[in-house]
Amino acid sequence: MGLQRILNGVIRFRKTVRADLVKQFEKVRDDPHPTALFITCMDSRILPARFTQSQVGDMFVLRNSGNIVPHAQNYGSAGYEVSITTEPAALELAVKRGKIKHVIVCGHSDCKAINTLYGLHKCPKAFDPESPMDHWLRRHGYSSLRKLELRLSNPDEKPLEYISNNALFSFSALIDPENALSVEDKLSQINTLQQLENISSHGFLKEFLERKEINLHAMWFDIYTGDMQMFSKRSRRFVTIDEDSVDRLTNEINQ
Ligand SMILES: [Zn+2]
């Protein structure tokens with residue numbers, strides 16, 4: 001068990017898909033055309049390539065705990081400073097050198113990071129100053145928690161506003177209008193959308209957003225049903241990606 005399973009997997013890989021993949025690597029090496037950066041949680045149940053059936057060279061993948069991209073203004077008291085965390089650096093690499101056209105942030109239900117963030121919110125005493133995880137979540141999850149409070153104290157379903165500081169990428173969202181999700185899963189959807197606001201806050205993206213050279217999207221994977229949802233700005237809510245909705249969603253993106 002454990003490592004043995006991983007080593008056996010490598011042996012299986014050598015015998016089966018390796019030769020074909022190496023051929024694909026060669027094809028892509030001199031002429032790479034990745035189309036997207038897929039930012040998602042490190043959760044072991046999330047399998048980006050399988051969920052999207054993507055192939056060699058299709059997309060960059062960036063993963064961390066809670067699919068978070070720190071906001072540009074979340075550094076020090078001086079306001080805007082150039083971020084030195086991994087996520088904005090990866091974003092810059094994918095956009096400038098990879099010339100991708102789409103950034104997708106994908107959250108999911110039953111997210112342990114989000115559950116921990118909500119736990120810290122309900123019980124601030126649980127915060128462990130020695131825990132990098134707690135610091136990461138509290139520092140970068142604060143805006144999502146504030147929006148959750150708005151959503152929970154808002155029985156009239158006023159949409160939440162996501163406004164980027166450069167006004168280039170703003171939208172409003174109805175979170176779980178059927179009230180079918182747990183509070184943690186509501187927070188997870190809010191947090192997924194919050195990352196679009198955070199991404200658009202970074203100065204180096206301004207020109208790309210102005211020229212509409214990159215598109216920002218939110219997806220949300222429901223672990224319980226296997227459904228992938230996509231946020232529709234037009235409908236102001238997450239919509240399951242299926243045979244009925246895919247044309248509508250594609251239309252919306254192309255407009
Ligand atoms: Zn997660």
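If you're wondering where the values come from, they're calculated on a predicted model, not measured in any experiment. The numbers attached to residues start from 1 for each chain and follow its sequence in the written order. Totals for whole chains, interfaces and linings use every residue, but because this is a predicted model, local features are given only for residues with pLDDT of at least 70 and side-chain atom pairs only at 80 or more, for both listing and counting. Note: side-chain values were computed over all heavy atoms of the structure, leaving out hydrogens and water.

Overview of the nonpolar core
In these notes, a set of buried Ala, Val, Leu, Ile, Met, Phe, Trp, Tyr and Cys residues joined through side-chain atoms within 4.5 Å is what counts as a nonpolar core. For every residue, the accessible area (1.4 Å probe, protein chains only) is compared with the maximum for its type, and the residue is labelled buried under 20%, exposed over 50%, or partly exposed between those bounds. L193 and I199 are the most contacted members of the largest nonpolar core, which totals 42 residues. Note on conventions: DSSP H or I runs of at least 4 residues are helices, E runs of at least 2 residues are strands, and numbering of each starts at the N terminus. Among the elements that line this core, the one with the most residues is helix α7 (residues 183-200), at 5 residues. Excluding residues within four positions of it along the chain, L193 makes contact with Y162, F171, A173, I175, A218, F231 and F238. Counting residues in hydrophobic clusters, the runner-up holds 10 residues, among them C106, F221, M228 and M230. What makes two residues a contact is simply this: any of their non-hydrogen atoms within 4.5 Å.

Focus: the sheet that holds strand β2 (residues 59-64)
Two strands are said to pair when DSSP picks up at least two bridges between them. Read from one edge of the open sheet, 6 strands run β2-β1-β3-β6-β7-β8, paired in mixed fashion. What marks the edges here is a single partner per strand, and that holds for β2 and β8 (237-240). With strand direction ignored, the average angle separating the axes of adjacent strands in the sheet is 25°. Taken together, the 6 bridges between strand β1 (residues 36-41) and β2 define a ladder with parallel strand orientation. Bridge pairing links F38 to V61 in β2. Seen against the sheet, helix α9 (residues 246-254) touches β3 (102-108), β6 (215-221) and β7 (228-232) and runs at an angle of roughly 40° to β7. Lines fitted to the C-alpha atoms define the axes, with helices restricted to the stretch that makes contact. Angles between their N-to-C directions range from 0 to 180 degrees.

Overview of the coordination of the zinc ion
Here the term donor refers to an N, O or S atom within 2.8 Å of the metal (or 3.2 Å for Na, K and Ca), and because water is left out of the atoms, sites may appear incomplete. Protein-derived coordination of the zinc ion comes from C41 (SG), H108 (NE2) and C111 (SG), at a distance range of 2.0 to 2.3 Å. In the primary sequence, the donor residues of the zinc ion line up as C-x66-H-x2-C. Placement of C41 in strand β1 and of C111 in the loop between β3 and α5 (112-122) is noted, with a sequence separation of 70 residues between them. Residue C41 is classed as buried on the basis of its relative accessible area of 4%.

Comments concerning a nonpolar patch on the surface
Nonpolar side chains collect at one region of the surface, where L3, I6, L7 and V10 lie side by side and expose about 380 Å² of accessible area between them. Mapped onto the elements, L3 comes out in helix α1 (residues 3-15). Judged by its relative accessible area of 56%, L3 falls in the exposed class. Patch definition: residues above 30% relative accessible area lacking any salt bridge, with like charges linked at up to 9 Å and the nonpolar side chains Val, Leu, Ile, Met, Phe, Trp and Tyr linked at up to 5 Å. Only the protein chains shown count as covering a residue, and every accessible area follows the Shrake-Rupley method with a 1.4 Å probe. By definition here, a salt bridge exists when the distance from a side-chain nitrogen of Lys or Arg to a carboxyl oxygen of Asp or Glu is within 4 Å.

Focus on the side chain of K186
Summarising the element assignment, K186 is placed in helix α7. What makes K186 buried here is its relative accessible area of 5%. Here the side chain of K186 touches D176 through a polar contact of 3.1 Å, side chain to side chain. Discounting chain neighbours no more than four positions away, the residues touching K186 are L148, R151, L152, I175, D176, N179 and L181. Any pair of N or O atoms that falls within 3.5 Å is considered a polar contact. Within protein, one atom must be able to donate a hydrogen and the other to accept it, and sequence-neighbouring residues count only if both atoms are side-chain atoms.

Observations concerning a negative patch on the surface
When charges are counted, neither His nor the chain ends are considered; positive counts come from Lys and Arg and negative counts from Asp and Glu. Charged side chains are reduced to one point each, which is NZ for Lys, CZ for Arg, CG for Asp and CD for Glu. Residues D227, D242, E243 and D244 make up a contiguous surface patch of negative charge. Along the chain, D244 falls in the loop between β8 and α9.

Quick word on the environment of I104
Along the chain, I104 turns up in strand β3. Residue I104 is classed as buried on the basis of its relative accessible area of 11%. Spatially, the C-alpha atoms of I104 and V69 are 12 Å apart, while their sequence positions differ by 35 residues. Apart from residues lying up to four places away in sequence, I104 is in contact with A36, L37, F38, I39, H217 and M219.

Topic: the UniProt feature "binding site: Zn(2+)" (unreviewed entry) in the protein
UniProt positions are given in the numbering used here, feature names are shortened, and annotations may be inferred rather than shown by experiment. UniProt marks C41, D43, H108 and C111 with the feature "binding site: Zn(2+)" (unreviewed entry), using the numbering shown here. Spatially, the listed residues are clustered: although they cover 71 residues, their C-alpha atoms lie within 9.1 Å of one another. In contact with C41, other than residues within four places in its own chain, are I46, R63, N64, G66, N67, C106, H108 and C111. Here H108 shows up in strand β3.

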